[in-house]
Amino acid sequence: MNLRRYISMFFVLFVTCMVSAQDIPLDFSIGEKYNDRYKYSNLLTISNDGKGGTFLVRSYYTGVILKPKGYMIEHYDANMQLINEYNYKLKNANLVDGYVANGQIYLIFLDYDYDALAYEYSVHRSPLSDMNFTKETLLTVASKAVNNPLDKNYYNRNFSSGFTTSVLFNDKKNAFVISTHFKKGKTNKHFIYLFNSGLQKVVEHDFSDEVEEKNYAFENVAFSKDLQEAYIIGKAYFKKKRFLANERKFQYELIKVSRSGAKTQTFDGPGKFSEALIPIVNGNELLCVGFYANRKDNRYNGLAYFNIDPNTLELNTKKYSPFSEQFMMDKFGREEDKDIKDLVFKNVNVSNDGSIHFNAEEYFITSSVQANSSGGRLKVTRYHHNDIVSAKLSADGDMLWARNINKAEVTQGDGAYASYSSYTKDGNTYFFISTAAENPQLLPGDRLLFKQGLSRNRNVFVIKLDAQGHISYKKLIDDKEARLPLMVSKPLFNVRDNEIVFYAKRGNKKQLVRVLIQ
């Protein structure tokens, strides 16, 4: 080996070690490990109890053929000690979401009433101090029973079933909207409802005129400060329009709903097609940020920024910032036919200086038919959580940088262990990823590549993107320290204390893990 090559290799190793070993000011603590009687369950929601403690709700399954039998509600104190468990036995009930507010826990269900031939949204609520649930009905919609009425498919919603519905919360969970769309024959009714966290119905709007030409799949929501107005982003699918095989069949629209009615705004222009957007209420400003494409073929080409009048929805500012050639090369190489799959927003943060940092994940679903042990055929659905795209815009909407974190995850069951979570503090964004890999690979251009390992236990890595977009990482929790895998995609954020709480579970063991961002 000649001297120049030796020095070059040493330099690469030195830089790699320096980047990966940069100080990342995080600490963690692991709570006590507890036994759990239900081996098979799914974490549905996790909330703060208002006193530094944690409430979480799981659906559990039992039987030779696993069937949902009820909901386990767990309450942990500020020291991650389990202080109460409550088995809420509800068979064949479908929990949509839950939250804690006003000293109570609220659980929202969507069920079908076969006697009334209608879908019913109901809320089961109980004081935190004493699990004593009462039930009240929010909405009923007459309809025949359909498959997956609440099925939220980010890129290809099914509107042919007769009834579709969606529920959208903001991050604070101090308000939510319910969309109900029923059609049968010539009947075509779409309503949008706005509720505050106390279950008061603030707005009921008949959106039926809009769905004569388009079907709507709502994705993200923001609310005015007084919670009297909702700003909803969704895909509007055209009904009677012809498309080429490679064209998308929708456009993104912003819908404002209030007691005075509804307004709608579109964004696409010549050669610019929005591909994923999220609304932000920042002080007196209404912003929409996301991605765009130059063609109608699902290839993302850059970042989009819209400053909108919150009263009239007129566009004050529109900006498009293309990805650099280096970003596209790093992402795709020289393959011209590669597409960025559908991006799902995971986190948006507006800093004190007005700059906007947001990240999204490539998410898509695949299905296949396989032979089972009895010789029959079984449909298998796989959920893919791939690369993270992180970007930062200035207060005026100009792109400051964009980064890509390479990963590929696929799951057939509980997606809480896959994907990632992120948290922004002092201009730095921290990503938490659970993986069996021992170390990621550092690539040129401030990129990381996570290759899946083979170990049953999983490490937790934290990736830091600083204010300038420079990347560093470290292994936060070794698989020998936390023997239970963390549900990294369903954390509880404590913004006041800059803490993140993760639930860890495998089989009949469970515990909490707290991460402190210093």
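This one's a predicted model, so the numbers in the text were calculated from it and none came from an experiment.

Engineer: What am I meant to see in the overall build of the protein here?
Structural biologist: Looking only at helices and strands, the protein has two helices and 36 strands in total. A buried classification covers 54% of the 518 residues belonging to the protein. Considering only contacts in the protein between residues 6 or more positions apart, those separated by 24 or more positions represent 49%. For the protein, the accessible area works out to roughly 24,900 Å², and carbon and sulfur atoms hold 47% of it.

Engineer: Mind showing me how you'd approach the packing of aromatic side chains here?
Structural biologist: The geometry of an aromatic ring pair comes down to the distance between the two centres and the angle between the two planes. Applying the stated rule across the entire model yields 32 aromatic pairs. Taken together, a centroid distance of 5.5 Å and an interplanar angle of 55 degrees make the contact between Y237 and F250 tilted. Here Y237, found in strand β16 (residues 230-238), pairs with F250, found in strand β17 (residues 250-258); they are 13 residues apart in sequence, far enough to count as distant. With relative accessibility at 10%, the residue Y237 sits in the buried group. An aromatic cluster is defined as three or more aromatic residues linked by ring pairs; in this entry it consists of Y99, Y106, F169, F176 and F195. One cation-aromatic arrangement involves K173 over F169; the distance from NZ or CZ to the ring centre is 5.3 Å. Over the aromatic face of Y420 sits the side chain of K346, whose NZ or CZ is 5.3 Å from the ring centroid.

Engineer: Whenever I open this one, the sheet that holds β16 confuses me. Can you help?
Structural biologist: Backbone-to-backbone hydrogen bonds pair the strands of a sheet. The strands run either parallel or antiparallel. Pairing is antiparallel in the open sheet, where four strands are placed in the order β15-β16-β17-β18. A strand with exactly one partner marks an edge of an open sheet, and here the two such strands are β15 (214-223) and β18 (261-266). Geometrically, the sheet is characterised by an average inter-axis angle of 30 degrees between neighbouring strands, direction not taken into account. Bridging between β17 and β18 involves six bridges; their strand directions are antiparallel. Looking across to β18, one finds that E253 is bridged to T266.

Engineer: Could you clarify how one ought to interpret the side chain of K407 in this entry?
Structural biologist: By the secondary structure assignment, K407 is in the loop between β26 (399-406) and β27 (409-411). For K407, a relative accessible area of 4% corresponds to the buried category. From its side chain, K407 meets the backbone oxygen of H385 in a polar contact 3.2 Å long.

Engineer: Just to check I follow, could you spell out the nonpolar core for this structure?
Structural biologist: The nonpolar side chains of soluble globular proteins are, as a tendency, buried together. The biggest cluster of nonpolar side chains holds 38 residues, and the ones touching the most others in it are L254, F291 and F358. Ranked by residue count, the leading element in this core is strand β20 (residues 285-293), at six residues. Setting aside chain neighbours within four positions, we find L254 in contact with Y231, I232, I233, K263, T264, Q265, F267, L286, C288, I308 and L313. Of all hydrophobic cores here, the second largest spans 22 residues; its members include Y99, Y106, L110 and V123.

Engineer: Before we go on, may I ask you to explain unusual backbone geometry in this structure?
Structural biologist: Most peptide bonds take the trans form, and the phi angle of most residues other than glycine is negative. One non-glycine residue, L227, adopts positive backbone phi at about 60 degrees. Assignment of secondary structure puts L227 in the loop between β15 and β16. Taking relative accessible area as the criterion, L227 reaches 18% and is therefore assigned buried.

Engineer: Which parts of the structure should I look at to understand the sheet that holds strand β32 (residues 459-465)?
Structural biologist: One open sheet holds the four strands; their spatial order is β28-β29-β32-β33, and the pairing between them is antiparallel. Every interior strand has two partners, whereas the edge strands, β28 (421-425) and β33 (471-477), have only one. The sheet shows a mean angle of 25 degrees between the axes of neighbouring strands, taken without regard to direction. Pairing of β28 with strand β29 (residues 428-435), which is carried by five bridges, proceeds in the antiparallel orientation. Across the sheet, S422 pairs through a bridge with F431, a residue of β29.

Engineer: Please explain the environment of K201 as it appears in this structure.
Structural biologist: Tracing the backbone shows K201 in strand β14 (residues 201-206). Linking K201 and L138, residues 63 residues apart in sequence, is a C-alpha distance of 8.7 Å. Non-local contacts of K201, meaning those with residues more than four positions away in its chain, are made with Y193, L194 and F195. A distance of 2.8 Å separates the side chain of K201 from the side chain of E204, its partner in a polar contact.

Engineer: Please clarify how the pairing of β32 should be interpreted in this entry.
Structural biologist: In the case of a regular strand, side chains alternate between the two sheet surfaces. Most of β32 sits out of view: seven of its seven residues are buried. Here β32 shows two buried faces, one formed by N459, F461, I463 and L465 and the other by V460, V462 and K464. Judged from the six bridges that link them, β32 and β33 form a sheet pairing that is antiparallel. Across the sheet, L465 pairs through a bridge with I471, a residue of β33.

Reading guide: rules and limits
Residues numbered from 1 in each chain as written. Predicted model: local features only at pLDDT ≥ 70, side-chain atom pairs only at ≥ 80, totals over all residues. Heavy atoms only, no water. Helix = DSSP H or I, 4+ residues; strand = E, 2+ residues; numbered from the N terminus. Buried < 20%, exposed > 50% of the residue type's maximum accessible area, 1.4 Å probe, protein only. Contact = heavy atoms within 4.5 Å. Areas by Shrake-Rupley, 256 points an atom, 1.4 Å probe, with all protein chains shown as cover. Phe/Tyr/Trp six-rings, centres within 6.5 Å; stacked < 30°, edge-to-face > 60°. Lys NZ or Arg CZ within 6 Å of the ring centre and 35° of its normal. Pairing = 2+ DSSP bridges. Axes fitted to C-alpha atoms, helices over the stretch in contact; angles between N-to-C directions. Polar contact = N/O pair within 3.5 Å; in protein donor to acceptor, adjacent residues only side chain to side chain. Core = buried A, V, L, I, M, F, W, Y, C linked by side-chain atoms within 4.5 Å.

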